Amino acid sequence: MLEMRDVSKIYRTDQVETHALRSLSLHVREGEFVAVTGPSGSGKTTFLNIAGLLESHTGGEYRLDGHDVRGLSDKPMSRLRNEKVGFIFQSFNLIADLTIYQNCDVPLRYRRLDGAERKRRIESALEVVGLGSRMRHYPSQLSGGQQQRAAIARALASAPKLLLADEPTGNLDTQMAQGVIELLEGINRQGTTIVLVTHDPALAARAQRNLHIVDGVAVDRTAADERAAATS
């Protein structure tokens with residue numbers, strides 16, 4: 001589903017050159033639930049932006065669901081992102097003056113789906129996250145946990161093959177966070193590939209595999225732990 005080989009990302013200004021990623025290589029199989037951890041400034045956000053085609057990489061190879069994205073112009077890259085990837089953000093990113101239903105409708109309109117198909121997808125996604133009765137509410141009328149579930153529904157309505165989550169429980173209390181992670185686990189069991197960036201070790205432990213990024217390089221911590229256990 002997601003394969004990076006020796007991916008690098010360099011940010012340049014007139015006086016400074018910053019290496020955000022250095023020869024990062026990783027592989028996420030279709031249907032996996034992978035947590036990405038690492039200290040602040042390690043390159044997690046840069047990795048997520050490149051994985052979601054929000055920015056390009058400087059060097060190396062990145063294939064998304066078999067598509068080599070290097071060199072794609074804006075239009076085909078936007079189309080690939082819209083068809084393959086869903087995003088969940090820590091801050092929800094819901095549009096305040098639109099209802100939850102309308103928030104879910106925005107990305108579907110870019111795909112030029114007809115009204116009946118959009119309605120079917122939105123209502124189905126909101127039922128999955130338990131907000132079927134709240135679809136006409138505005139974000140301000142929902143709790144933080146409900147807003148995050150609405151953001152998940154918005155992503156699900158596009159039927160993405162890959163769901164990228166950036167600290168999805170970072171603004172939630174423990175009980176709300178538990179509900180969100182259980183929802184993501186259920187979505188993963190239905191076949192959606194999930195890559196989740198988190199600082200929370202307890203949350204990372206719920207994933208099938210844990211990738212740790214330090215100084216722009218990825219280490220498969222799950223594999224490392226298994227090797228250590230085998231030799232102990």
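Figured I'd write up the structure that's included with this text. (Residues numbered from 1 in each chain as written. Predicted model: local features only at pLDDT ≥ 70, side-chain atom pairs only at ≥ 80, totals over all residues. Heavy atoms only, no water.)

1. A closer look at the packing of aromatic side chains
Inference 1: Overall, the coordinates contain one aromatic pair when judged by the stated rule.
Inference 2: A cation over a ring is seen here: Arg136 above Tyr101, with NZ or CZ 4.4 Å from the ring centre. (Phe/Tyr/Trp six-rings, centres within 6.5 Å; stacked < 30°, edge-to-face > 60°. Lys NZ or Arg CZ within 6 Å of the ring centre and 35° of its normal.)

2. Remarks on the pairing of strand β8 (residues 193-197)
Inference 1: Where burial is concerned, most of β8 is hidden: five out of the five residues are buried.
Inference 2: Neither face of β8 is left uncovered, since the one carrying Thr193, Val195 and Val197 and the one carrying Ile194 and Leu196 both have all their residues buried.
Inference 3: In this sheet, β8 lies alongside strand β3 (residues 33-37) in parallel orientation, the contact comprising four bridges. Bridged to Phe33 within β8 is Ile194.
Inference 4: Bridge count for strand β7 (residues 162-166) against β8 is five bridges, and the pairing is parallel. Bridge pairing in β8 links Leu162 to Thr193.
Inference 5: Of the crossover connections in this fold, the one passing from β7 over helix α6 (residues 174-189) to the parallel β8 is right-handed. (Buried < 20%, exposed > 50% of the residue type's maximum accessible area, 1.4 Å probe, protein only. Helix = DSSP H or I, 4+ residues; strand = E, 2+ residues; numbered from the N terminus. Pairing = 2+ DSSP bridges. Right-handed = clockwise from strand over helix to strand, strands pointing away.)

3. Quick word on the pairing of strand β10 (residues 217-220)
Inference 1: Bridge count for strand β9 (residues 209-214) against β10 is four bridges, and the pairing is antiparallel. Following the sheet pairing, Val214 is matched in β10 by Val217.

4. With respect to the sheet that holds strand β5 (residues 67-68)
Working definition: the strands of a sheet are paired by backbone hydrogen bonds and lie parallel or antiparallel to each other.
Inference 1: Taken together, the four strands give an open sheet; going across it, the order is β2-β1-β4-β5, and neighbouring strands pair in antiparallel fashion. Edge positions in the open sheet fall to β2 (17-28) and β5, since each of these has one partner strand only.
Inference 2: Sheet topology note: the strand β4 (residues 59-64)/β5 ladder contains two bridges and is antiparallel. Residue pairing across strands places Arg63 opposite Asp68, the latter belonging to β5.
Inference 3: Helix α1 (residues 44-51) rests against β1 (2-12), β2 and β4 of the sheet, and its axis sits at about 115° to β1. (Contact = heavy atoms within 4.5 Å. Axes fitted to C-alpha atoms, helices over the stretch in contact; angles between N-to-C directions.)

5. Digging into the packing of helix α3 (residues 100-110) against helix α5 (residues 144-157)
Inference 1: Closest axis-to-axis distance for the α3/α5 pair is 8 Å, and the angle between their directions is 35°. Crossing angle aside, the handedness with which α3 passes α5 is right-handed. Contacts between α3 and α5 involve Ile100, Asn103, Cys104, Pro107 and Leu108 from the first element and Ala150, Ala153, Arg154 and Ala157 from the second.
Inference 2: In the contact of α3 with α5, the residues fall into seven nonpolar, one polar and one charged. (Left-handed = near helix turned anticlockwise from the far one by under 90°. Nonpolar A, V, L, I, M, F, W, Y, C, P; charged D, E, K, R; others polar.)

6. Quick notes on unusual backbone geometry
Inference 1: You will see that Leu53, though not glycine, has its phi angle at about 65°, which is positive.
Inference 2: Note that Leu53 resides in the loop between α1 and β4.
Inference 3: Taking the relative accessible area as the measure of exposure, Leu53 reaches 3% and is therefore buried.

7. Focus on the side chain of Asn103
Inference 1: Within the secondary structure, Asn103 is located in helix α3.
Inference 2: Asn103 gets classed as buried once you look at its relative accessible area, which sits at 2%.
Inference 3: Among all residues touching Asn103, those that are not within four sequence positions of it are Leu94, Ile95, Leu98, Pro139 and Arg154.

8. Here we look at the packing of α3 against helix α4 (residues 115-128)
Axes are the key here: two packed helices are described by the angle between their axes and the distance separating the axes.
Inference 1: Taken N-terminus to C-terminus, the directions of α3 and α4 make an angle of 130°; their axes are 10 Å apart at the nearest point. It follows from the interaxial angle that α3 and α4 lie oblique. Between α3 and α4 lies a crossing of right-handed hand. Residues Ile100, Tyr101, Cys104, Asp105, Leu108 and Arg109 of α3 form the contact with α4, whose own contacting residues are Arg118, Lys119, Arg121, Ile122, Glu123 and Leu126.
Inference 2: Grouping the constituent residues of the contact of α3 with α4 by class yields six nonpolar, no polar and six charged. (Parallel < 35°, antiparallel > 145°, perpendicular 65-115°, else oblique.)

9. Structural notes on the pattern of salt bridges
Inference 1: Summed over the entire model, instances satisfying the criterion amount to 16 salt bridges.
Inference 2: Glu3 is the partner of Arg5 in a salt bridge, and the nearest nitrogen-oxygen pair spans 2.8 Å.
Inference 3: Taking relative accessible area as the criterion, Glu3 reaches 24% and is therefore assigned partly exposed.
Inference 4: Notably, a salt bridge pairs Glu30 with Lys161, separated by 3.9 Å at the nearest N-O pair. Here Lys161 lies in the loop between α5 and β7 and Glu30 lies in the loop between β2 and β3, a separation of 131 residues in the sequence.
Inference 5: Because the salt bridges share partners, they merge into one network encompassing Arg29, Glu32, Arg209 and Asp220. (Salt bridge = Lys/Arg side-chain N within 4 Å of Asp/Glu carboxyl O.)

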